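# Structural overview for review
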Amino acid sequence: MKNGVLHYGDSIKRDGPVLDSWEANWIWGKDNTTMHNWLCLRKVIALQQLPETAGARVAVDSRYYLWVNGQEVIVDGQVKRGPTENDTYFEYVDLKPYLHLGENTVAVLAVYFGDDSKYFSYHPSGKGAFVMEADLGETVLKTDETWKCTRHTAFLNRQALLGEGPTTRIPEEDNFYDARLEAGLEQWNQPGYDDSGWENATVYGKVGDAPWNQLWERSIPQMKYWPRTGYTNPEEFAPYTEKATAEQVQLGMKLPYNMHIQPYLKVEAPAGLEIKMLSDGTEPLHTYYITKDGVQEFEGYYWMSAQALTYVVPAGVKILDLQYRQSGYACEFAGSFRCEDENLNVLWTKSLHTLYITMRDTFMDCPDRERAQWWGDCTNESHMSFYALSPDANLLYRKGVDSIINWRKTEPGANDKCNILQTVVPINNHYIELPLQQLAGLYGFWTYYLHTGEEDFVRQVYQPTIDYLKRWVLGQDGLVAHRTSSWDWADWGEKFDVPVIENAWYYMACTGAKNMAQVLGEAKDLPLLNKRMDAIRGAFREKYWTGKAYHAPESCYEDNGYDYKFSRPEQPDDRANALAVLSGLADESQYPAILEVLKKQYNSSPYMEKYVLDAMFLMGYEQDALERMLCRYQPMIDSEWTTLWEHFAVDRTHNHAWTGGPLINLSGHVAGVAPDTPGYGCYHILPQLGALNEISVSVPSVKGDIKTEIRRDVMAKEIRMTVDSPANTVARIGVPKVCPDMQVSVKGNAVFQGEDEKYQYFSAQPGYTEFVGK
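Residues numbered from 1 in each chain as written. Predicted model: local features only at pLDDT ≥ 70, side-chain atom pairs only at ≥ 80, totals over all residues. Heavy atoms only, no water.

## So, the pairing of strand 20 (residues 287–290)
Burial along strand 20 is two-sided: Thr287 and Tyr289 facing one way and Tyr288 and Ile290 facing the other are all buried. Summarising the sheet, strand 12 (residues 175–178) and strand 20 pair through four bridges and their orientation is parallel. When the bridges of strand 20 are listed, Phe176 appears paired with Tyr288. One ladder, built from four bridges, connects strand 19 (residues 274–279) with strand 20; its direction is antiparallel. Residue pairing across strands places Ile275 opposite Tyr289, the latter belonging to strand 20. (Buried < 20%, exposed > 50% of the residue type's maximum accessible area, 1.4 Å probe, protein only. Helix = DSSP H or I, 4+ residues; strand = E, 2+ residues; numbered from the N terminus. Pairing = 2+ DSSP bridges.)

As structure tokens, this is what we get:
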């Protein structure tokens with residue numbers, strides 16, 4: 001068991017719903033359609049003996065909190081609905097630690113988000129419902145009409161208060177809580193509470209019935225919750241701890257960094273005063289609390305993101321304490337990077353914070369405006385996680401892959417949507433495919449396998465990859481015919497050289513598919529892949545290479561179905577030329593000319609900047625890459641925000657994970673750590689230091705932590721490099737040369753393999769190895 005869930009990850013069933021029989025029923029109160037309807041549910045059961053196991057199966061549309069015998073078991077349980085377009089998730093919860101002989105009280109607070117066409121991260125069933133079942137040996141705990149329920153009247157909602165639905169694309173809404181209305185519900189989740197006046201639950205169906213349909217097992221852990229703690233500036237409210245506010249005050253409470261939180265307050269106040277807890281996010285959620293009389297405490301229920309929270313406190317309130325509780329995806333900050341340039345250290349750390357704040361039920365674009373699983377964002381986020389987070393983060397990517405595959409329409413009548421991998425799922429009443437993000441995602445499948453070695457993943461994604469690639473056609477010139485789909489999007493910004501970008505992405509996706517075919521021994525698809533790749537390779541340089549850059553001619557933009565915003569850029573595009581390099585379609589002899597493009601053109605948004613920098617490192621121009629990185633990111637480095645922005649100008653969200661590409665660039669290229677074979681059985685450390693002389697990095701690979709430190713003294717022409725390599729690996733290590741005739745002494749189990757103008761190469765076995773070059 002981990003994080004309250006009996007099992008998840010490798011042991012779950014990914015290829016379909018779990019069809020085990022259930023005795024339990026879907027239940028709710030009499031009203032199961034009102035948006036943001038919070039419902040209290042209770043059941044008392046007697047046990048004459050304790051069961052050996054007590055695993056419960058639980059599902060709800062939409063969220064639940066669980067207590068057993070007054071002890072908190074689950075906070076913010078249930079994955080947002082949408083394993084397929086029709087089905088629902090369920091999860092296993094271990095009740096055994098909370099049970100005792102005699103009467104046992106099970107209490108649930110559940111909320112139904114409601115049905116709104118704006119949602120980008122959740123697919124509602126249309127009806128709130130809760131189901132729970134646990135075999136307790138002598139009896140079965142199961143939801144039915146004997147459960148007691150009542151609406152929690154203190155929870156208000158935007159629809160009831162303002163007559164309007166959500167203001168953003170997310171299903172959660174502002175916390176509205178009126179403590180005056182909780183009278184009679186004090187201690188409702190504790191043993192001994194008298195629920196005789198509550199109504200009996202209404203049964204709405206059996207497991208498998210519409211609209212909740214089949215149940216798919218949750219594949220990620222429950223969220224991680226930290227103990228409640230104080231803000232970094234408690235002196236802000238200190239003047240009001242002994243004496244009530246004389247007038248309205250605004251208290252700017254600071255957090256260590258941008259994070260998911262539930263705000264907390266403890267105050268003494270008369271009834272009927274509104275205290276606002278306002279996030280500094282972009283289109284964020286807020287919390288509003290209306291006081292009852294006397295000393296009282298409150299902690300928000302819906303999580304919100306913030307770097308600072310403003311408490312707006314009216315006159316007449318004595319503030320006894322203000323705190324917050326951090327929460328987030330259950331993984332650890334496991335990687336690290338340090339060098340002598342503090343700007344780069346700050347950038348790596350901000351990239352980490354940006355990655356983590358965009359993880360919850362899914363990888364998402366941002367934690368406030370829409371919380372949507374855009375697949376271009378997810379592809380970059382997964383790659384970042386390999387260098388920064390514990391391997392538990394891989395489960396979140398696998399869950400995302402499960403959903404984009406299971407949302408496919410594969411029936412013949414699906415026509416233009418058949419076998420399309422949608423860019424945003426789960427989603428409600430929208431269909432979104434950004435073809436170029438999906439091609440990037442297909443190549444990202446291979447990146448995931450290279451870092452994890454999970455062959456079952458390759459088996460899962462291979463056929464959907466082939467089916468999607470077949471939806472594209474090549475023209476008579478051997479190049480890709482443009483696909484527009486629902487959104488013709490190449491990147492934020494302008495000056496896109498789309499023909500070059502599109503063909504490079506398609507070629508990269510075919511490369512990934514070909515690699516996967518070879519892993520699985522799938523020879524049947526190789527002729528098609530080879531034919532298309534040969535055609536693109538043969539035409540790409542002839543059509544697009546000008547002698548100075550890759551730049552599509554005007555004829556490529558004529559009568560080709562391009563969106564109105566796609567006109568031929570006057571100058572070569574940095575994104576297009578970077579992808580020409582990364583795809584392998586550019587020849588090494590073209591690298592110096594391409595470098596000049598990448599040094600002059602700054603078209604890319606932070607999403608594509610990651611790939612531009614990748615290309616500069618791949619070509620071997622590491623100092624130019626570092627200079628471009630600092631030039632583009634310096635405003636974010638200098639900013640008070642601890643996370644990175646959606647654009648290079650802070651005009652949209654300021655916590656967008658796709659912007660964290662430098663984390664990959666610094667750990668994977670500057671420190672030089674990356675897998676050579678799937679799952680890090682063989683890997684390399686080939687540092688690209690540029691002008692840097694001191695590097696320390698830890699990479700949390702699936703084989704264990706890989707640690708290396710480098711100290712170079714250019715004047716003394718000396719370098720010291722240490723490597724700590726995990727078990728069951730072979731490391732290919734390049735010691736950067738400090739002079740042409742460098743001699744290297746070795747302490748540890750490493751064997752010299754040769755040299756070139758940049759490195760002396762060694763093969764190292766697991767353990768600690770020290771290299772000293774002079």
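## Some words on the sheet that holds strand 13 (residues 199–200)
The pairing of strands in a sheet happens through backbone hydrogen bonds and is either parallel or antiparallel. Strand order in this open sheet of six strands is 5-4-7-2-10-13, and the pairing throughout is antiparallel. Strand pairing shows two members of the sheet lacking a second neighbour, strand 5 (71–77) and strand 13, which therefore form its edges. Strand direction decides the pairing type here: strand 10 (residues 148–151) and strand 13, joined by two bridges, are antiparallel. Opposite Cys149, over in strand 13, you have Glu199 as the bridge partner.

## Things to note about the confidence of the model for the protein
On average, residues of the protein score 94 in pLDDT, and 96% of them reach the 70 mark or higher. A low-confidence stretch, residues 1–10 stays under pLDDT 50, and its non-local contacts, those more than four residues away or across chains, total 29 contacts. (pLDDT = per-residue confidence, 0-100. Contact = heavy atoms within 4.5 Å.)

## Things to note about the nonpolar core
Among the nonpolar cores identified, the biggest contains 153 residues, and Met359, Leu439, Phe445 and Trp505 are the most heavily contacted of them. Among the elements that line this core, the one with the most residues is helix 7 (residues 498–520), at 13 residues. In this structure Leu439 touches Tyr468, Leu469, Trp472, Glu502, Trp505, Tyr506 and Ala509, once residues within four positions along its chain are discounted. Ranked by size, the runner-up nonpolar core spans 80 residues in total, among them Val60, Tyr119, Ala179 and Val249. (Core = buried A, V, L, I, M, F, W, Y, C linked by side-chain atoms within 4.5 Å.)

## Focus: the side chain of Asp525
For Asp525, the location among the structural elements is in the loop between helix 7 and helix 8 (526–544). In this view, Asp525 contacts Tyr462, Ile466 and Lys470; residues no more than four positions away in its chain are not counted.

## Quick word on the sheet that holds strand 30 (residues 730–736)
Taken in spatial order, the five strands of this open sheet run 25-26-30-33-32, and their pairing is mixed. Each edge of the sheet is formed by a strand with only one pairing partner; in this case those strands are strand 25 (673–675) and strand 32 (750–755). On average, each strand axis in the sheet is inclined to that of its neighbour by 20°, with strand direction left out of account. For strand 32 and strand 33 (residues 759–764), the ladder comprises five bridges, and the chain directions are antiparallel. Directly across from Glu755, in strand 33, lies its bridge partner Gln760. (Axes fitted to C-alpha atoms, helices over the stretch in contact; angles between N-to-C directions.)

## A look at the packing of helix 7 against helix 9 (residues 574–583)
Where helix 7 meets helix 9, the axes come as close as 9 Å, and the angle between the chain directions of the two elements is 25°. Judged by the angle between their axes, helix 7 and helix 9 are roughly parallel. For the pair helix 7 and helix 9, the crossing hand works out as left-handed. Of the residues in helix 9, those touching helix 7 at Val500, Ile501, Ala504, Trp505, Tyr507 and Met508 are Arg575, Ala576, Leu579, Ala580, Leu582 and Ser583. Here the residues of the contact of helix 7 with helix 9 sort into 10 nonpolar, one polar and one charged. (Parallel < 35°, antiparallel > 145°, perpendicular 65-115°, else oblique. Left-handed = near helix turned anticlockwise from the far one by under 90°. Nonpolar A, V, L, I, M, F, W, Y, C, P; charged D, E, K, R; others polar.)

## Details of the pairing of strand 22 (residues 304–313)
Buried residues dominate strand 22, accounting for eight of its 10 residues. In the sheet, strand 18 (residues 249–269) pairs with strand 22 via nine bridges, with the strands oriented antiparallel. Residue pairing in the sheet places Gln250 in a bridge with Val312 of strand 22. Summarising the sheet, strand 19 and strand 22 pair through four bridges and their orientation is antiparallel. Each residue of the ladder has a partner; that of Met277, found in strand 22, is Tyr311.

## A look at the packing of aromatic side chains
The final tally for this structure, using the stated rule, is 52 aromatic pairs. Between the aromatic rings of Tyr64 and Phe130, the centroid separation amounts to 6.1 Å while the plane-to-plane angle is 55°, which identifies the pairing as tilted. One end of the pair, Tyr64, is in strand 4 (residues 63–68); the other, Phe130, is in strand 8 (residues 129–135), and 66 residues separate them in sequence. Across the pair, exposure class does not vary: Tyr64 and Phe130 are buried alike. For the ring pair Trp489 and Tyr607, a centre distance of 5.6 Å and an interplane angle of 45° mean the geometry is tilted. Of this pair, Trp489 sits in the loop between helix 6 (455–470) and helix 7 while Tyr607 sits in helix 11 (residues 606–619), and the two are 118 residues apart along the sequence. The burial state of Trp489 is the same as that of Tyr607; both residues are buried. Through pairs of rings, three or more aromatic residues link up here, namely Trp38, Tyr65, Phe113, Tyr119, Tyr122, Phe155, Tyr177, Tyr289, Phe298, Tyr301 and Tyr302. Lying over the aromatic face of Trp22, Arg57 brings its terminal NZ or CZ to 4.2 Å of the ring centre. Directly above the ring of Trp472 sits Arg483, whose terminal nitrogen or CZ lies 5.2 Å from the centroid. (Phe/Tyr/Trp six-rings, centres within 6.5 Å; stacked < 30°, edge-to-face > 60°. Lys NZ or Arg CZ within 6 Å of the ring centre and 35° of its normal.)

## Remarks on the side chain of Thr659
Inspection of the secondary structure assignment puts Thr659 in the loop between helix 12 (622–638) and helix 13 (661–670). Of the residues examined, Thr659 reaches a relative accessible area of 0% and is grouped as buried.

## Observations concerning the pattern of salt bridges
Pairs can form between side chains of opposite charge whenever their charged atoms are close. Per the stated rule, a full pass over the model turns up 44 salt bridges. Between Lys543 and Asp477 there is a salt bridge, with its nearest N and O atoms 3.9 Å apart. Of this pair, Lys543 sits in helix 8 while Asp477 sits in the loop between helix 6 and helix 7, and the two are 66 residues apart along the sequence. Lys543 sits in the partly exposed class, given a relative accessible area of 32%. For Asp477, a relative accessible area of 38% translates into the label partly exposed. For Asp614, the salt bridge is made with Lys610, and the minimal N-O distance between the two is 2.8 Å. One end of the pair, Asp614, and the other, Lys610, are both in helix 11, four residues apart, so they sit about a helical turn from each other. When sorted by exposure, Asp614 lands in the same class as Lys610, which is buried. (Salt bridge = Lys/Arg side-chain N within 4 Å of Asp/Glu carboxyl O.)

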